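# Structural overview for review
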Amino acid sequence: KDDPRGIPYRFKKGNVPQTKKPIGTIKKRNGYCWEKVEEPNVWRQSHYILYEKHFGKIPDDKILVFKDKNKTNITIENLALISRKQLALLNRKDWISEDTMITDVGITLSELVITKSEKKKERKK
């Protein structure tokens, strides 16, 4: 049984809802900028789109971080591709800063600490 009240209120073929956004629309959610990339409703984070335009697909084991902690500063200079291990170390040691130079040093230090740890494990085997 159809709801008799619902029939006249249904969208007619070709009608577009007022809330529909065109491809390229940018919105903010949880502090991040999201961009509509496909229909009907496919959104991606803007910083991932920018990074992939410059360097290609991001490997599954890597993530992007904002060097200055500002999620709306979407420039290629402000993005760093790091591993999840590095991110854990950066957060634990508080090596991510609003100062991009400090974050860059933290990323380098995290690479060093992780490499050293892996070499130590190899020697024990």
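So, a few notes on the structure that sits alongside this text. Each chain has its residues counted from 1, running along the sequence as written. Predicted model: local features are reported for residues with pLDDT of at least 70 only, side-chain atom pairs are reported and counted for 80 or more only, and whole-chain, interface and lining totals are derived from all residues. Side-chain numbers come from the whole structure's heavy atoms, not from hydrogens or water.

### Section: unusual backbone geometry
In the segment running from glutamate 39 into proline 40, the intervening peptide bond is cis, with an omega of 5 degrees. Per the convention used, a helix needs a DSSP run of H or I reaching at least four residues, while a strand needs a run of E reaching at least two, with both numbered from the N terminus. Among the secondary structure elements, proline 40 is positioned in the loop between strand E2 (32-38) and strand E3 (42-45). The residue asparagine 30 is not glycine, and still its phi comes out positive at about 55 degrees. Each residue gets one of three labels from its accessible area relative to the maximum for its type: buried under 20%, exposed over 50%, partly exposed in between, using a 1.4 Å probe on protein chains only. Residue asparagine 30 is classed as exposed on the basis of its relative accessible area, which comes to 69%.

### Some remarks on the pattern of salt bridges
Should a side-chain nitrogen of Lys or Arg be within 4 Å of a carboxyl oxygen of Asp or Glu, the pair is scored as a salt bridge. All chains considered together, the criterion is met by five salt bridges. A salt bridge links glutamate 39 to lysine 20, with the nearest nitrogen and oxygen atoms 3.3 Å apart. Of this pair, glutamate 39 sits in the loop between E2 and E3 while lysine 20 is found in the segment before strand E1 (26-29), placing the two residues 19 residues apart along the sequence. In this structure, lysine 85 engages glutamate 118 in a salt bridge whose closest nitrogen and oxygen atoms are separated by 3.5 Å. One end of the pair, lysine 85, is in helix H2 (residues 84-93); the other, glutamate 118, is in helix H3 (residues 100-124), and 33 residues separate them in sequence. Three or more residues joined by partner-sharing salt bridges are found here, namely Lys20, Lys36 and Glu39.

### Some remarks on the side chain of lysine 36
Inspection of the secondary structure assignment puts lysine 36 in strand E2. Setting aside chain neighbours within four positions, we find lysine 36 in contact with Lys20, Lys21, Pro22, Ile23, Gly24, Thr25, Asn41, Val42 and Trp43. Every residue pair with non-hydrogen atoms within 4.5 Å of one another is taken to be in contact.

### Comments concerning the packing of H2 against H3
Angles here are taken between N-to-C directions and fall from 0 to 180 degrees, while the axes themselves are lines fitted to C-alpha atoms, restricted in helices to the stretch in contact. As a packed pair, H2 and H3 sit with axes 9 Å apart at the nearest point and diverge in direction by 115 degrees. Taken together, the axes of H2 and H3 lie roughly perpendicular to each other. The chirality of how H2 crosses H3 is right-handed. Seen from H2, the contacting residues are Lys85, Gln86, Leu89 and Leu90; seen from H3, they are Gly106, Ile107, Ser110, Glu111, Val113, Ile114 and Glu118. In terms of residue class, the contact of H2 with H3 is built from five nonpolar, three polar and three charged. Oblique is the label for any angle not covered by the other classes, which are roughly parallel (under 35 degrees), roughly antiparallel (over 145) and roughly perpendicular (65 to 115). Note on convention: near helix rotated counterclockwise from far helix by under a right angle means a left-handed crossing. Clockwise means right-handed. Each residue is assigned to one of three groups, with Ala, Val, Leu, Ile, Met, Phe, Trp, Tyr, Cys and Pro labelled nonpolar, Asp, Glu, Lys and Arg labelled charged, and all others, Gly among them, labelled polar.

### Section: the nonpolar core
Counting residues in hydrophobic clusters, the biggest one holds seven residues: Ile63, Val65, Ala80, Ile82, Leu90, Ile96 and Ile107. For this core, the secondary-structure elements that each account for two or more residues are strand E4 (62-66) and strand E5 (79-83). Only buried Ala, Val, Leu, Ile, Met, Phe, Trp, Tyr and Cys residues count toward a nonpolar core, and they belong to the same one when joined by side-chain atoms within 4.5 Å.

### Brief notes about the environment of aspartate 61
Note that aspartate 61 resides in the loop between helix H1 (46-55) and E4. Each C-alpha atom, one on aspartate 61 and one on arginine 84, is 7.1 Å from the other, the two residues being 23 residues apart in sequence. If sequence neighbours within four positions are ignored, aspartate 61 has contacts with Ile82, Ser83 and Arg84.

### Section: H1
Considered for burial, the residues of H1 that qualify are Ser46, His47, Ile49 and Tyr51. Where H1 is buried, its residues contact E1, E2, E3, E4 and E5. Once H1 finishes, glycine 56 follows within two positions and takes phi at roughly 90 degrees, a positive value.

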